[in-house]
Amino acid sequence: MSALWSVGAGLLLLLLWVRHRGLEAVLVHHRWVFVCFFLLPLSILFDIYYQLRAWAVWRLHSAPRQHAQRVRHIQEQVREWKKEGSRRYMCTGRPGWLTVSLRVGKYKKTHKNIMINLMDVLEVDSERQVVRVEPLVSMGQLTAYLNPMGWTIPVVPELDDLTVGGLIMGTGIESSSHIYGLFQHTCVAYELVLADGSLVRCSPTENSDLFYAVPWSCGTLGFLVAAEIKMVPAKKYVKIHYEPVRGLQKICEKFTEESKKKENSFVEGLMYSLDEAVIMTGVLTDEAEQSKINRIGNYYKPWFFKHVERYLKADRTGVEYIPSRHYYHRHTRSIFWELQDIIPFGNNPVFRYLFGWMVPPKISLLKLTQGEAIRKLYEQHHVVQDMLVPIKSLEKSIQTFHVDLNVYPIWLCPFILPNNPGMVHPKGNEAELYVDIGAYGEPKSKQFEARASMRQMEKFVRSVHGFQMLYADCYMTREEFWDMFDGSLYHKLREEMNCKDAFPEVYDKICKAARH
């Protein structure tokens, strides 16, 4: 009873302090208070709900039976929109704050919202080595479903809450992408409800133009209702080799060298300054030295990027065996390194042992509760950007990031970009090795000004025939955007499938104006 009184008294004092300081001041300058006391417990409840739902679906096997009925409901909504005169564009009815993208687009308020409740794994075909899923299946959900069966997917983008639909309509990458390409390149078929309400399946051999046009289209060609993704056999561990490298030229040379080696199952780099990095390579294995096993995903373990930094500070190489699922979601607990700006003491051992099991807060809840003051603060003093550039331009690109942003750590992830039709492909006629340069945090560059600096970055990326991930802020004009991306197939299909009256153009959906 005395413990309850103590908790009650503590909460009362907290509420009085919040009232004294003002809620907005607390949310801006002491955001950790709100996150720790409210968002973390709420995030746990969210997780419990979705886990119970997934368990119920698995036990009752309801997903395959209900899928066709749910798709018909989507078709009925589209046909109803047509009967109403097609006066407004359509979009998914999923609230903008639920997406992992930092944008909360205003178009949700003005467009016809089509409710799409598709979040189940439908079928695992071991013979074809393909898993069929609905678009709202998350990476955490999918790996938890497949791993006990001995399977995984070739590209498992880092964060648990990333969904299949978002990774197809946008894009996704992982440290295995130097072998398999982007997430879209591991998909073998899509099923969509089109602007006329029809259901269409597309693959490289069936409606191939649509298959290649869907990735990066951000839902402006139709509503994704299912996808078929390749599977690969899962192994118990990833054997990771950590190697500190100093000097920008040496970093780029070592990273490029390892990225070209197909014997590396995984390649990743973390840059902690302009001339300091740790290059990591990994291979899948079922055998492990027990003394070197590191279950990095356990809640009390150090955040992964902090763990990696130890090798740099000690100036030593190292080898560890990380359980595969822990490795796939190694950056989840710290949201890469974004959580250190929200909970500055989050990697402290005391916090990890007492409260680490509640981390991370849901990104969707962070968005929902950020308020106008925090949104403007983040917009002007914070960057979350992924730029995809040819690996031959890596050194020049990092120098540009340093001058324009000066944000560290920087994430480096290589990927092979095949010469397929669609919005994103190499400049030449053959596949080319690219690298994702990820910058997340507060820029330290003295001349940083959000719009001007990012436009300068976008100009550079276009000059080397690179691409900007579309989940982030885009400051390009329409002409600049279509200079970066190949819109020939996309525009052709929008014309043929009568999409122009049904969906906005992708630029209008992701441009800066759509965020407010």
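Starting afresh in each chain, residues are numbered from 1 along the sequence in its written order. A pLDDT threshold of at least 70 governs which residues receive local features in this predicted model, and a stricter bar of 80 or more applies before side-chain atom pairs are shown or counted, although totals over entire chains, interfaces and linings include all residues. Calculated side-chain values reflect all of the structure's heavy atoms, with hydrogen atoms and water omitted.

> Tell me about the overall build of the protein chain, residues and numbers included.
Helix and strand assignments come from DSSP, with helices taken as H or I runs of at least 4 residues and strands as E runs of at least 2, each series counted from the N terminus. Across its full length, the protein chain carries 21 helices and 17 strands. Exposure categories follow from relative accessible area, calculated using a 1.4 Å probe and restricted to protein chains: below 20% of the type maximum is buried, above 50% is exposed, and the middle band is partly exposed. Counting over 516 residues, the protein chain shows a buried share of 56%. In this description, contact between two residues means that some pair of their heavy atoms is separated by no more than 4.5 Å. Summarising the internal contacts of the protein chain: among those between residues at least 6 apart in sequence, 74% fall at separations of at least 24. Only the protein chains shown count as covering a residue, and every accessible area follows the Shrake-Rupley method with a 1.4 Å probe. Accessible area for the protein chain stands at about 23000 Å²; split by element, carbon and sulfur atoms hold 54% of it.

> Quick rundown of the environment of A227? Include the residues and the values.
One can find A227 in strand β8 (residues 223–230). Residues A227 and V188 lie 39 residues apart in sequence; the distance between their C-alpha atoms is 7.8 Å. Those residues in contact with A227, other than ones at most four positions away along the chain, are V131, R132, V133, V164, I168, A189 and Y190.

> I'd like a description of the sheet that holds strand β7 (residues 199–202), backed by residues and values.
Any two strands with at least two DSSP bridges between them are considered paired. Within the open sheet, the 5 strands sit side by side as β3-β4-β8-β6-β7. Their pairing is antiparallel. Because the sheet does not close on itself, it has two edges, and the strands there are β3 (121–125) and β7. Pairwise comparison of adjacent strand axes, ignoring direction, gives a mean angle of 15° for this sheet. Relative to strand β4 (residues 130–133), β3 runs antiparallel, the two sharing 4 bridges. Bridge pairing in β4 places E123 opposite R132. Under this scheme, a helix contributes an axis fitted over its contacting stretch, all axes are lines through C-alpha atoms, and angles between N-to-C directions fall in the 0 to 180 degree range. Along the sheet, helix α6 (residues 139–146) contacts β3 and β4; its crossing angle with β3, the most-contacted strand, is approximately 40°.

> I'd like a description of the UniProt feature "transmembrane region" (unreviewed entry) in the protein chain, backed by residues and values.
UniProt positions are given in the numbering used here, feature names are shortened, and annotations may be inferred rather than shown by experiment. In the numbering adopted here, UniProt assigns the feature "transmembrane region" (unreviewed entry) to residues 32–50. Helix makes up 100% of residues 32–50 and strand 0%, whereas the separation of the span's terminal C-alpha atoms amounts to 25 Å.

> Give a description of the environment of Y440 that names residues and reports values.
You can see Y440 is positioned in strand β16 (residues 432–441). With 29 residues separating them in the primary sequence, Y440 and W411 have C-alpha atoms 8.6 Å apart. Excluding its chain neighbours within four sequence positions, the residues that come into contact with Y440 are F336, W337, E338, V383, V384, Q385, D386, V407, W411 and Y471. Within polar-contact distance, the side chain of Y440 engages the side chain of D386 at 2.8 Å. We define a polar contact as two N or O atoms separated by no more than 3.5 Å, with the added condition that, inside protein, one atom must be a possible hydrogen donor and the other a possible acceptor, whereas residues neighbouring each other in sequence contribute only through side-chain atom pairs.

> Before we move on, could you go through helix α18 (residues 450–463) and cite the residues and values that matter?
With 14 residues, α18 ought to run about 20 Å at 1.5 Å a step, and its terminal C-alpha atoms sit 20 Å apart, in line with that. Every buried residue of α18 is listed here: A450, S453, M454, M457, E458, F460, V461 and R462. Two residues or fewer after α18 comes H465, characterised by a positive phi angle close to 60°. Helices are assigned an expected span. That span is 1.5 Å times one less than the residue count.

> Which residues make up the pattern of salt bridges, and what values go with them?
By convention in these notes, a salt bridge is any Lys or Arg side-chain nitrogen within 4 Å of a carboxyl oxygen on Asp or Glu. What the rule picks out here adds up to 30 salt bridges. A salt bridge links E174 to R330; the shortest N-O distance between them is 3.1 Å. One end of the pair, E174, is in the loop between α7 (164–169) and α8 (177–180); the other, R330, is in the loop between α12 (324–328) and α13 (339–342), and 156 residues separate them in sequence. On the accessibility criterion, R330 (3% relative accessible area) is buried.

> Talk me through helix α17 (residues 394–404); I want residue IDs and the actual numbers.
Restricting attention to buried positions, one finds in α17 the residues L394, S397, I398, T400, F401 and D404. Angular distribution of buried residues about the axis of α17 spans 160°; they occupy a single face of the element. The inward-facing, buried residues of α17 abut α10 (248–259), β11 (266–273), β14 (383–390), β15 (410–417), β16 and α18. At the exit of α17 stands N406, carrying a positive phi of roughly 55°. When we speak of the arc, we mean the arc of directions from the helix axis to the C-beta atoms.

> Can you lay out the nonpolar core for me, pointing to particular residues and giving the numbers?
Soluble globular proteins: nonpolar side chains tend toward being buried together. By nonpolar core is meant a set of buried Ala, Val, Leu, Ile, Met, Phe, Trp, Tyr and Cys residues that side-chain atoms within 4.5 Å join together. Y190, L210, F481 and F485 are the most contacted members of the largest nonpolar core, which has 146 residues in total. An automatic or database domain assignment supplies the start and end points of every domain. When residues of this core are assigned to domains, at least three fall in each of domain 1 (71–233) and domain 2 (237–481).

> Residue-level account of the side chain of T281, with values.
Mapped onto the secondary structure, T281 falls in strand β12 (residues 276–285). Its relative accessible area of 11% is what places T281 among the buried residues. Setting aside chain neighbours within four positions, we find T281 in contact with K239, I240, H241, E258, N264, F266 and V267.

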